[in-house]
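Coordinate analysis (summary)
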Amino acid sequence: MENESGAWSPYLVGTLIGLLSMATFYFSNKPLSVSTAYARLAGMIGNLFARGHTENLKFYQDTKPKIEWGVMLVFGMLLGAFIAAVSGGEITPTWVPVLWEQRFGPDIALRLGMAFVGGAILAYGARLAGGCTSGHGISGALQLSVSSWIALACFFVAAVATAHLLYRL
Amino acid sequence: MSTPANPLPETAPPVLVIPAQTDEPNGAYEPGKPDSARQLVLGLVFGVVFGFLLQKGGVAHYEVLMGQFFLTDFTVIKVMLTAVTVGMLGIFSLRALGLVELHVKPTRYAANIAGGLLFGVGLGLLGYCPGTGVAALGQGNYDAIAGIFGLMAGSYLYAETSGYLGSTIQKIGNRGLIMLPDVLGMRLAVFLAVFVPLLVLGLFVMALLAP
């Protein structure tokens, strides 16, 4: 598959993300990481419905459900991607990716259901492993964390197997 | 392999004797305290840049991420490996100057492996990472909304089980904050002098084999 025509060189983008990493360490004393923000947001929703229960969970005693640096990072990412897509004429409103439609048809509910289930499994795994593609794959790996290189290898192996089972069977 | 539990990697590598500044250079971060308004604004600004780059790199497209797992499109690995190489050189240089401190992630072999494999299965089904998913939504891929709700649901489910996991799987192979040079018994500077050129070589090989 070719790159999208408007895409920048992956080496340029990678270099800039590496420099961005240096900036977050220097200015915020934090590594780039994304997945914990979803856990904080989920905890904030949990607080709305079952405050006592949510606060008693071991995870939320260590990771407070609140708006902090990482949650702001995710809000910013939504805005940044929107700006990039508008500036490149790449806003493509769609509910079902082209590749998915070729394989599974245009049923929106099927795609949304799979995305939800996939997202739930992914997030459970991210919390158990201690990070995601950003936290382990970029920030942890560049700091030579043993856990991150192990997790990254596991991410990749399992994703390759899953993608082949979905599309190549 | 006998890797001594090593709770403080900041002081562990014997090579860089210049200690990282304990007081953080700009706007101290203290765990437990709410982030300052300055930190929140910085988070937002860094997020805008990160989301912008992910979209421009093309990695927020479902087809590009899945192409990586079909082994037909190597954009994602190129971006990540380049970011890791540049960031590694940068962060360890800044640390040698005493300008940043490290945030090494704890190693718990069983949890890292089991969680990593689960993550990969979810990633193959969703087709977006937590980071590229929000970028995908920003460019109009509305299926990422369902993915984001799934991410929140899975996170809460993990929290429900976190007490049990903390007393079981998280304890298996718990090695603390170890780094690759610790495992290999190498000095940090020596390890970097070997590893960084290997990463660059890997990027060149990939550019040749999968342009």
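Just so we're clear, the structure is a prediction, and the values are computed from it rather than from any experiment.

**Focus on helix H8 (residues 188-209) of chain B**
Over its 22 residues, H8 of chain B extends 31 Å from the first C-alpha to the last, a length consistent with the 32 Å expected when each residue adds 1.5 Å. Of all the positions in H8 of chain B, only Leu188, Phe191, Leu192, Phe195, Val196, Leu199, Leu203 and Met206 of chain B are classed as buried. All buried residues of H8 of chain B project into a common sector of 115° when viewed along the axis, lining one side. Facing away from the buried side of H8 of chain B by over 90 degrees, the exposed positions are Ala193, Leu201, Phe204, Leu208 and Leu209 of chain B. Buried-residue contacts for H8 of chain B involve helix H1 (10-28) and helix H9 (146-167) of chain A together with helix H3 (75-96) and helix H7 (180-184) of chain B.

**Quick notes on the state of the cysteines**
On inspection of all chains with the given rule, the structure shows zero disulfides over all chains. Cysteine cysteine 132 of chain A is unpaired, with the sulfur of cysteine 129 of chain B as its nearest cysteine sulfur at 7.3 Å. Overall, the relative accessible area of 1% leaves cysteine 132 of chain A in the buried class. What makes cysteine 129 of chain B buried here is its relative accessible area of 6%.

**Some remarks on the layout of surface pockets**
Of the pockets and cavities examined, the second largest pocket occupies roughly 350 Å³. Lining the second largest pocket are 17 residues, and of these Leu152, Ala153 and Phe156 of chain A together with Ile77 and Met80 of chain B sit closest to its centre. Elements that contribute at least two residues to the lining of the second largest pocket include exactly H9 of chain A together with helix H2 (62-70) and H3 of chain B. Taken together, the residues of the lining of the second largest pocket break down into 14 nonpolar, three polar and no charged.

**A short note on helix H2 (residues 35-49) of chain A**
For H2 of chain A, with 15 residues, the first-to-last C-alpha span of 22 Å sits near the 21 Å given by 1.5 Å per residue. Among all positions in H2 of chain A, only Ser35, Ala37, Tyr38, Ala39, Arg40, Leu41, Ala42, Gly43, Gly46 and Asn47 of chain A are buried. Where H2 of chain A is buried, its residues touch helix H3 (51-56), helix H4 (58-62), helix H5 (69-87) and helix H7 (108-129) of chain A together with helix H5 (130-138) and helix H6 (143-167) of chain B.

**Focus on empty space enclosed by the protein**
If a probe as big as a water molecule is rolled over the atoms, it shows which places are left empty. Taken as a whole and judged by the stated rule, the model has two cavities of 30 Å³ or more. Roughly 150 Å³ of internal volume is contained in the largest cavity. At the level of elements, helix H1 (37-56), H3 and H5 of chain B are the ones that each hand at least two residues to the lining of the largest cavity. The greatest single-element share of the lining of the largest cavity, amounting to three residues, is contributed by H3 of chain B. Taken together, the residues of the lining of the largest cavity break down into 10 nonpolar, four polar and no charged. When its volume is computed, the second largest cavity comes out at roughly 30 Å³. Taken together, Tyr38 of chain A together with Leu126, Tyr128, Cys129, Pro130, Gly133, Val134, Ala144, Gly147, Ile148 and Leu151 of chain B make up the lining of the second largest cavity.

**Focus on the side chain of serine 162 of chain B**
Here serine 162 of chain B shows up in helix H6. Looking at serine 162 of chain B, the relative accessible area reads 4%, which means it is buried. In this structure the side chain of serine 162 of chain B is engaged in a polar contact, spanning 2.7 Å, whose partner is the backbone oxygen of alanine 159 of chain B. Setting aside chain neighbours within four positions, we find serine 162 of chain B in contact with Leu57, Lys58 and Phe59 of chain A.

Parameters at a glance
- Residues numbered from 1 in each chain as written.
- Chains lettered and ligands numbered in written order.
- Predicted model: local features only at pLDDT ≥ 70, side-chain atom pairs only at ≥ 80, totals over all residues.
- Heavy atoms only, no water.
- Helix = DSSP H or I, 4+ residues; strand = E, 2+ residues; numbered from the N terminus.
- Expected span 1.5 Å × (residues − 1).
- Buried < 20%, exposed > 50% of the residue type's maximum accessible area, 1.4 Å probe, protein only.
- Arc of directions from axis to C-beta.
- Contact = heavy atoms within 4.5 Å.
- Disulfide = S-S within 2.5 Å.
- 1 Å grid on protein atoms, 1.4 Å probe; cavity = no way out; pocket = protein on both sides within 12 Å on 5 of 7 lines; lining within 4 Å.
- Points joined across faces, edges and corners; volume = space filled by probe spheres on them.
- Nonpolar A, V, L, I, M, F, W, Y, C, P; charged D, E, K, R; others polar.
- Polar contact = N/O pair within 3.5 Å; in protein donor to acceptor, adjacent residues only side chain to side chain.

Purely geometric numbers; function is a separate question.
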